[in-house]
Amino acid sequence: MNIYLAIIIGSLLAVWFLNLLSDRLSALAMRPAPPEELSDVFDAETYAKSRAYTLASMRFSMVSETFNTLILVTAVAAGWFNVLDQLVRAAGFGPLLTGLAYIGGLALVSSILGLPFEIYHTFGLEKRFGFNTTTPATFVLDRVKGLVLAAIIGGALVAGILVFLDKTGPYAWLLCWGFAVLLSLGLTYVAPTWILPLFNKFTPLEDDELRDKLEAFADKAGFELTGIFVMDGSKRSTKGNAFFTGFGKRRRIALFDTLIKEMDADEIVAVLAHEVGHAKLGHIKKRLVTGVLKAGAIFYLMSLFLDSEGLFAAFGMQDMSLYAGLVFFVLLYTPLSLILSVAANAMSRKHEFEADAFAARTTGRPETMISALKKLSVSNLSNPTPHPLTVWLEYSHPPVLARIRALS
Ligand SMILES: [Zn+2]
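With an unreviewed UniProt entry as reference, the protein is termed Ste24 endopeptidase, source organism Pseudodesulfovibrio mercurii. The UniProt entry for the protein carries this comment under Subcellular location (unreviewed entry): "Endoplasmic reticulum membrane".

Take a look at the structure:
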């Protein structure tokens, strides 16, 4: 058997099996009553609802992952990648356009296949548990805008990579790396003003009392707040959140309107303090540096496999090409991608604990951070006791119970 084929099919099935196992273990780890620390916010009815939501979400992800894995394994084994390649080649475009059409075609097929699942997730699952506020019009507009953005940004990225690989010899991967890093930094820079407003409204925070408190905290912590914005998260879901966007002088904090509705001013200060903690403790820089290094490693590895005849044989290809090599490398990279994402999640969970501790220390009120976490957990119906395998595989944030224990 072709070694590449064995690695790709084997790792797709292994990832699928790991996810199934993790869901099953988490379902078994659920307790009949809420843990002691959360019993003040989870009454019996809410806790039952959170269990039902966790189980329904697991069933949904099992079905969609099984479907995706089945389609992908079939596509590899049955030579569908070659069928698409022959179709695209028959159109007689130049080399760059052929590559863009091939990769764009694959992306389009995959988003069409995913659409029924997205529709069910938004209007079935999330609606049943009272989270969904997305109207069909918003849903359609989101998909259209997402598609246009993906075509522009993804198209520019793929075109740049194909041109560098084609024209610049053995160090092409270095140029690809530099290009990808510049593109993603540029996007981060323009996201708050050009991209995010395509999807949400950001209005400067008007509540004077809350703004005074947030600014007073930022002053005390020696953190320059360039803007506090309220985002209309309620347009899509009742779930609350807060985040920083942009960097340097354009960095701003966005608070979901749903968060403001649910929390009191001190709890929102604790949430801000947690986010400021990420910046002050260097988490944002660390994430950026590891992201850049990871991209470099990926491009280097990619350069080793692009002209491997065995890789093309694994997919039953009649012709070799740079663009198809890119796609095949992404699939070959599955096992390493899993390992790197587990490592990134572990780093992120450590950062979350540190940011919680920072918030508790700088506000001097750990109990406020705890009550903010409790409110978030209840309003998102999050599972308080996931199995350790699930945490290890999927959680970028520690389970709420672990965060509360670390703070008390
Ligand atoms: Zn955080």
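Okay, back to it.
A. Summary view of the overall build of the protein. Of regular secondary structure, the protein possesses 16 helices and 4 strands. For 408 residues, the compact-globule estimate of 2.2 N^0.38 gives 22 Å, and the protein sits close to it at 23 Å. A total of 408 residues make up the protein; the buried ones form 42% of that total. For the protein, the share of sequence-separated contacts (at least 6 apart) that also reach a separation of at least 24 residues comes to 74%.

B. Highlighting the UniProt feature "domain: CAAX prenyl protease 1 N-terminal" (unreviewed entry) in the protein. Here the UniProt feature "domain: CAAX prenyl protease 1 N-terminal" (unreviewed entry) sits at residues 33–201. Here residues 33–201 runs as 80% helix and 0% strand, with 39 Å between its end C-alpha atoms.

C. Seen up close, the coordination of the zinc ion. Distances from the zinc ion to its protein donors, His274 (NE2), His278 (NE2), Glu352 (OE) and Glu352 (OE), fall within 2.0 to 2.7 Å. Coordination geometry of the zinc ion: the 4 donor atoms subtend angles of 53 to 133 degrees at the metal centre, consistent with an arrangement described as irregular. For the zinc ion, the donor residues sit on a single chain with the sequence spacing H-x3-H-x73-E. Taken together, the positions of His274 and His278, both in helix α9 (residues 265–280) and 4 residues apart, correspond to about one turn of that helix.

D. Quick peek at the sheet that holds strand β3 (residues 242–245). Judged by pairing direction, the sheet is mixed, and its 4 strands sit side by side in the order β1-β2-β4-β3 without closing on themselves. The strands lining the two open edges of the sheet, one partner per strand, are β1 (202–204) and β3. Between one strand axis and the next, the sheet turns through 35 degrees on average, direction left out of account. Across 3 bridges, the pairing between β1 and strand β2 (residues 228–231) is antiparallel. Its bridge partner lying in β2, Pro204 is registered against Phe229. Sheet strands in contact with α9 are β3 and β4 (252–256), and its direction is about 40 degrees off that of β3.

E. Representation of the packing of aromatic side chains. Evaluation of the coordinates by the stated rule reveals 20 aromatic pairs. Ring centres of Phe42 and Tyr47 lie 5.9 Å apart, and the angle between their planes is 80 degrees; this geometry places the pair in the edge-to-face category. For Phe42, a relative accessible area of 2% translates into the label buried. The class for Tyr47 is buried, based on a relative accessible area of 3%. An aromatic cluster is present here, built from Tyr4, Phe305, Phe329 and Tyr333 joined pairwise through their rings. A cation over an aromatic ring shows up here: Arg252 above the ring of Phe229, its NZ or CZ 4.1 Å from the ring centre.

F. Spatial organisation of the layout of surface pockets. Here the second largest pocket is characterised by a volume of approximately 1500 Å³. Elements with a contribution of two residues or more to the lining of the second largest pocket: α2 (44–77), α3 (80–90), α4 (95–128), α5 (136–167), α10 (283–305) and α12 (322–332). No other element matches the 14 residues that α4 contributes to the lining of the second largest pocket. The class makeup of the residues in the lining of the second largest pocket is 34 nonpolar, 9 polar and 3 charged.

Procedures and definitions
Residues numbered from 1 in each chain as written. Predicted model: local features only at pLDDT ≥ 70, side-chain atom pairs only at ≥ 80, totals over all residues. Heavy atoms only, no water. UniProt positions renumbered as here; feature names shortened; annotations may be inferred. Helix = DSSP H or I, 4+ residues; strand = E, 2+ residues; numbered from the N terminus. Rg over C-alpha atoms; globule rule 2.2 N^0.38 Å. Buried < 20%, exposed > 50% of the residue type's maximum accessible area, 1.4 Å probe, protein only. Contact = heavy atoms within 4.5 Å. Donors = N, O, S within 2.8 Å, 3.2 Å for Na, K, Ca; no water. Tetrahedral: all angles 85-135°; square planar, octahedral: opposite > 155°, others 65-115°. Pairing = 2+ DSSP bridges. Axes fitted to C-alpha atoms, helices over the stretch in contact; angles between N-to-C directions. Phe/Tyr/Trp six-rings, centres within 6.5 Å; stacked < 30°, edge-to-face > 60°. Lys NZ or Arg CZ within 6 Å of the ring centre and 35° of its normal. 1 Å grid on protein atoms, 1.4 Å probe; cavity = no way out; pocket = protein on both sides within 12 Å on 5 of 7 lines; lining within 4 Å. Points joined across faces, edges and corners; volume = space filled by probe spheres on them. Nonpolar A, V, L, I, M, F, W, Y, C, P; charged D, E, K, R; others polar.

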